[in-house]
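Structure assessment
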Amino acid sequence: MDRETSRRAFLQAAATGLGLGAVITVAPAHATPEAMEDAIRKIVGSSRVSKGRVKLELPPLSENGNTVPLTVSVESPMTPADHVRAIHVFTELNPQPEVVSFRFGPRAGQARVSTRIRLATTQTVTAVGELSDGSFWSASAAVVVTLAACLEDA
Amino acid sequence: MSGHGARLLGASALTLLAWTASAGEIPPAERRSGYDFMSRETRAMQDDDTVNPGMLGVLEGGTLWARKTGTAGRACADCHGDGRASMKGVAARYPAFDAALKRPVNLEQRINLCRTERQQAPALAHESRELLALTAFVARQSRGVPIDVAVDARTKPFIDNGRAAFYRRQGQLNLACSQCHDENWGKRLAGNAIPQAHPTGYPVYRLEWQSLGSLQRRLRNCLVGIRAESYEYGAPELVELELFLMWRARGMTIETPAVRP
Amino acid sequence: MSSALVNVPPRARRGEVIEIKTLISHPMETGYRRNQLGARIPRDIIRLFVCTYNGTEVFRAELHPAIAANPFLVFSTVATESGTIAFQWTGDNGLSATESVAIVVD
């Protein structure tokens, strides 16, 4: 079985091998808050995104960025005339800003989804809700991401 | 059967008295599972079988259990019937002494011995998906069962070897397992709490691995982490350490498949 | 081989909003990791999850590499009638996995 070697583990091992002592951690190339804004623009176009209506639940501290539980919801009667069309989730510092898009209709009953996401580092997660009347709403949550203490080498 | 059990219990009680606590050993009443040191979210992942990612392995193991394999064309189920009944309590007794090999074997090795000797099938590779799935399926059937590895004249030397390894300083950092896990459990190391290192939930779904993994994989991680010499999978040193850790966790209940950071 | 664990109440009242839980085994290789030789490990993820209820789509999720390995999704649907709730996961390298469960709605 191929053993995964994260960059930080590889570099940490290399640094120790060179007798440098200090741990060199080089984060993988990551998106910027600007890239996240662009990704959100692609979804909403020129419409305004208002804060509110969306509830984003994330733990303030995550034991491991590989698996962070997330629940996102929008209060809505979910009728054909008034429902949530979609919820999009973004990050500002992952290698790419898009995380997931959920699409709903009145048959959903409620606009509420739970999943598990990856966070490359401590950062803010943003969810954008799209309603059937064409309006966009957003909420954000900050997560501190800790790493496992004893990293694995191949 | 009850006579044999009573003899074992008597032997365990005597050896408990004979083996007085080493300096820093956690008093039995203060032992806590790694579960207690995790965040609420990670605990929630373990508590519910419908959301526990380790259960995917248990599900696959159940399928493999029923599948005929090897030149003998035999499934585990052909000898052992419904694993959910026949395997109850098994994982709580492993590693166990194998009379033919004259040494203890862990559950993974036991499964492979069955494969090669009874099913005439090739052994499954260490940490392979299939071996993890079968081990997880078997161990899941011991959930809630107290750990009870045999302590007798045959196993004592191996438990002693494992115990010596646990208390021995080693590696570039000159650390012994006991220094973190007996003397500094509960304190934080690089953002994570140091657990007491009781193997109550193996194979475990470790978030760092994003998959199930064995106790030996975790021990190898630890050895690399303290910059000590690691061992190959299946090495007697690792099995002895597993046996000691299970003895150290005697009476604590199996939680497989546990979720850990 | 992708194993899936799905959890749907076997029985519900008409109009009741039921919760569905799904878990599927998949490494969700991001495409951003490198092996020890520095070469990129190619992306291999589930990209789309669709839930249909007696053939009508009721929920969809478009997944990106930031969804954790062994994708886990909990969502809701209205119990409208008895029948079959089906799930399909599709993704890179021709991945296609399906699962379905029966539901009785009174």
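Shown above is the structure to which this text applies.
Residues numbered from 1 in each chain as written. Chains lettered and ligands numbered in written order. Predicted model: local features only at pLDDT ≥ 70, side-chain atom pairs only at ≥ 80, totals over all residues.

1. Structural notes on the interface of chain A and chain C
With 32 residues of chain A at the interface, the matching set in chain C holds 24 residues. Split by residue class, the side of chain A that touches chain C holds 11 nonpolar, 13 polar and 8 charged. When strand 6 (residues 98-103) of chain A meets strand 5 (residues 56-63) of chain C, the two strands line up antiparallel, connected through 4 bridges. Pairing of A:Ser101 across the sheet is with C:Glu62, part of strand 5 of chain C. (Contact = placed C-beta atoms within 7 Å. Nonpolar A, V, L, I, M, F, W, Y, C, P; charged D, E, K, R; others polar. Pairing = 2+ DSSP bridges. Helix = DSSP H or I, 4+ residues; strand = E, 2+ residues; numbered from the N terminus.)

2. Observations concerning the sheet that holds strand 3 (residues 17-24) of chain C
Strand order in the open sheet formed by 6 strands is 2(A)-4(A)-7(A)-6(C)-3(C)-1(C), with antiparallel pairing between adjacent strands. Edge positions in the open sheet fall to strand 2 (54-57) of chain A together with strand 1 (4-7) of chain C, since each of these has one partner strand only. Neighbour to neighbour, the strand axes of the sheet diverge by 15° on average, direction disregarded. (Axes fitted to C-alpha atoms, helices over the stretch in contact; angles between N-to-C directions.)

3. Brief notes about the nonpolar core
A:Ile87, A:Val89, A:Ile117, B:Leu243 and C:Ile67 are the most contacted members of the largest nonpolar core, which totals 108 residues. Non-local contacts of C:Ile67, meaning those with residues more than four positions away in its chain, are made with A:Val99, A:Val100, A:Thr115, A:Ile117 and C:Met28. (Core = buried A, V, L, I, M, F, W, Y, C linked by C-beta atoms within 7 Å. Buried ≥ 20, exposed ≤ 12 C-beta atoms within 10 Å, placed from the backbone.)

4. Quick look at the packing of helix 3 (residues 54-65) of chain B against helix 7 (residues 129-140) of chain B
Any two packed helices are characterised by how steeply their axes cross, that is the angle between the axes, and by the distance between the axes. Residues and elements named next belong to chain B. In the contact formed by helix 3 and helix 7, the axes pass within 7 Å of each other and the chain directions differ by 95°. Accordingly, the angle class assigned to the pair helix 3 and helix 7 is roughly perpendicular. For the pair formed by helix 3 and helix 7, the contact residues are Gly54, Gly57, Val58, Glu60, Gly61, Gly62, Leu64 and Trp65 on the first element and Glu130, Leu132, Ala133, Leu134, Ala136, Phe137 and Arg140 on the second. A breakdown of the residues in the contact of helix 3 with helix 7 according to their chemical character gives 8 nonpolar, 4 polar and 3 charged. (Parallel < 35°, antiparallel > 145°, perpendicular 65-115°, else oblique.)

5. Focus on the pairing of strand 4 (residues 68-74) of chain A
All names here are of chain A. When you tally the buried positions in strand 4, you get 6 out of 7 residues, the bulk of the element. The pairing of strand 2 with strand 4 spans 4 bridges and is antiparallel. What sits directly across from Glu57, in strand 4, is Thr71.

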